Amino acid sequence: MIFYSTENKKNTTSLRQAVIEGLANDNGLFMPNDIKPLPKSFFDNISSLTFQEIAFEVAKNFFGEDIPEQALRDIVYDTLNFDTPLIPVTKDIYSLELFHGPTLAFKDVGGRFMARTLRYLLQEEKENVNVLVATSGDTGSAVANGFYKVDGIKVFVLYPKGKVSNLQEKQFATLGHNITALEIDGTFDDCQSLVKKAFMDTGLKSAHKLTSANSINVARFLPQAFYYFHAWSQLSEEERQKDIVVSVPSGNLGNITAGIIAKEMGLPISRFIAANNRNDVVFEYLNTGDYKPRKSIQTIANAMDVGAPSNFARILDIYHHDHSTVCKNLSGARYSDEEIRETIREVATEHNYICDPHGATGYAALKDGLSNNELGIFLETAHPAKFHESMEDILGEIEIPEKLKAFLDKEKVSISLSNSYDDFKTYIEESAY
């Protein structure tokens, strides 16, 4: 398949180069040239398909022209060795639990898929690759897990000092081997800016083969469409007659963009809600038509602490930069830390279900925004225990799964850097392949 840049549709490339390059040379994000609707027969039979079978059919639309069928099947099936169950919370609201993967966060899907795809695309090359990834929390651990001990690939995880939870940090800053944690004195936006500047630095990029594992990479964000189809497959025939509304905790917007692409492929979703914390540039755009990125604010829903969401460019591209069309398909909601805390308490007390701070914003947006004949699904993007300090302040002691306990006693090993590009560039020049 051909992929084009959101900055210039005439600037095109192959899947292989889109995955390896990460970002287009004009600073645009790659988009698939053709979003093909899936056939009616797929939706008629979807209830009888496994998660892996559903994902494989979706994956063929984007990757099937470039990756042989058996190789693509192996990538999909190896990626999805866990489920994403749809759990009823109220009569009209479901939680799509995306935290059953190895790092207990939704980014396990994209991170694992990209690692396996990149490994396949590079299998005949002798060159080594350096992966740069900025994280506000869960991306780092998912990508680090996906690429851990993969020969020929070094991963540099950039994260904002003091702005991720202790468990999130331990999941990527204790691994060693080919994973290096870079603790940046700044915000997630500073980390993301450093990654983007590195890709636009032709001298650095030519000296060191760089790619990104953030949701700017097509092999990271497109696979997130898989679980939207799987969610719909778990609804009853009666429930599918309602208007389906999906509420997505929104930071860098890769997750909701994948959902919008799923809708463009024919998935019968009525509309999406971008659930924001105090980092509300998307909420303001939807209300005013003005997009004004700004410095991010630290909140208890730290993975959403993004002031300049990269994937907004993809949403505008899909809807032809037309504000009214965007608003027909996407609405917004905004919640303060205290509102998020109160939602967590309410859902736990009234419905015996524990939301993490991000999922709580998604639930709140549905509770406040569902109308008659609508059924809501919110994305529970990470296991609540990943934020155990915040969660225990709200609910008291919560159980920590064994997968997470294993990291608590490990020693953090990270490199401290300023948010200066010159400092970052010097480090990469000295440390990368």
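Anyway, here's the lowdown on the structure attached to this text. In this text, all values refer to a predicted model and were calculated from it rather than measured experimentally.

## Quick notes on the overall build of the chain
If you tally the helices and strands in the chain, you get 21 helices and 14 strands. What you see for the chain is a C-alpha radius of gyration of 20 Å, in line with the 22 Å of a compact globule of 433 residues. Out of the 433 residues in the chain, the part that is buried amounts to 61%. Taking contacts inside the chain between residues at least 6 apart in sequence as the whole, the part at least 24 apart equals 75%. If you sum the accessible surface of the chain, you get close to 16,400 Å²; carbon and sulfur atoms cover 45% of it.

## Things to note about the packing of aromatic side chains
One pass over the structure, following the stated rule, counts 15 aromatic pairs. With centroids separated by 5.0 Å and ring planes inclined at 45 degrees, the aromatic side chains of Phe63 and Phe113 adopt a geometry described as tilted. Taken together, the residues span a long stretch of sequence, with Phe63 in helix 3 (residues 51-63) and Phe113 in helix 5 (residues 107-121) at a distance of 50 residues. For the residue pair Phe63 and Phe113, the accessibility class agrees, reading buried in each case. Look at Phe156 and Tyr427: their rings are 6.2 Å apart centre to centre, the planes differ by 85 degrees, and that puts the pair in the edge-to-face class. Of the two residues, Phe156 sits in strand 7 (residues 153-160) while Tyr427 sits in helix 21 (residues 421-431), which places them 271 residues apart along the sequence. Here the two residues Phe156 and Tyr427 agree in accessibility, since each one is buried.

## Observations concerning the sheet that holds strand 10 (residues 243-249)
One open sheet holds the six strands; their spatial order is 4-5-13-10-11-12, and the pairing between them is mixed. The sheet is open, and its two edges are formed by strand 4 (86-88) and strand 12 (330-334), each paired on a single side. Neighbouring strand axes in the sheet, compared pairwise and without regard to direction, differ in orientation by 25 degrees on average. Bridging between strand 5 (residues 93-97) and strand 13 (residues 374-380) involves five bridges; their strand directions are parallel.

## Describing the packing of helix 17 (residues 337-351) against helix 19 (residues 388-395)
When two helices pack together, their arrangement is given by the angle between the helix axes and the distance between those axes. Two elements in contact, helix 17 and helix 19, have axes separated by 10 Å at closest approach and are oriented at 65 degrees. The two elements helix 17 and helix 19 meet at a crossing, and its hand is right-handed. Listed contacts from helix 19 to Arg341, Ile344, Arg345 and Ala348 of helix 17 are Met391, Ile394 and Leu395. Class assignment of the residues belonging to the contact of helix 17 with helix 19 gives a composition of five nonpolar, no polar and two charged.

Criteria and cut-off values
- Numbering of residues starts from 1 in every chain and runs along the sequence as written.
- Local features are withheld for residues below a pLDDT of 70 in this predicted model, meaning they are given only at 70 or higher, and side-chain atom pairs are given and counted only at 80 or more; totals for whole chains, interfaces and linings count all residues.
- With hydrogens and water stripped out, all remaining heavy atoms of the structure feed into the side-chain values.
- Runs of E in the DSSP output that reach at least two residues are strands. Runs of H or I that reach at least four are helices, and both are numbered from the N terminus.
- Restricting the calculation to C-alpha atoms gives the radius of gyration, and the globule rule supplies 2.2 Å times the number of residues raised to the power 0.38.
- The cut-offs for exposure are 20% and 50% of the maximum accessible area for each residue type, with area from a 1.4 Å probe on protein chains only; residues under the lower value are buried, those over the upper are exposed, and the others partly exposed.
- Here, two residues are considered to be in contact whenever any of their heavy atoms come within 4.5 Å of each other.
- Using the Shrake-Rupley algorithm and a 1.4 Å probe, accessible areas are obtained, with residue cover drawn only from the displayed protein chains.
- Ring pairs are drawn from Phe, Tyr and Trp, using the six-membered ring of Trp, whenever the two centres fall within 6.5 Å, and their geometry is named by plane angle: stacked under 30 degrees, edge-to-face over 60, tilted for the rest.
- Note on pairing: two strands pair once DSSP finds at least 2 bridges between them.
- The convention used is that axes are lines fitted to C-alpha atoms, helices contributing only their stretch in contact, and that angles between N-to-C directions extend from 0 to 180 degrees.
- Crossing handedness: left-handed means the near helix sits turned counterclockwise from the far one by under a right angle, and right-handed means the same turn made clockwise.
- By the convention adopted, Pro, Cys, Tyr, Trp, Phe, Met, Ile, Leu, Val and Ala count as nonpolar, Lys, Arg, Asp and Glu as charged, and the other residues, Gly among them, as polar.

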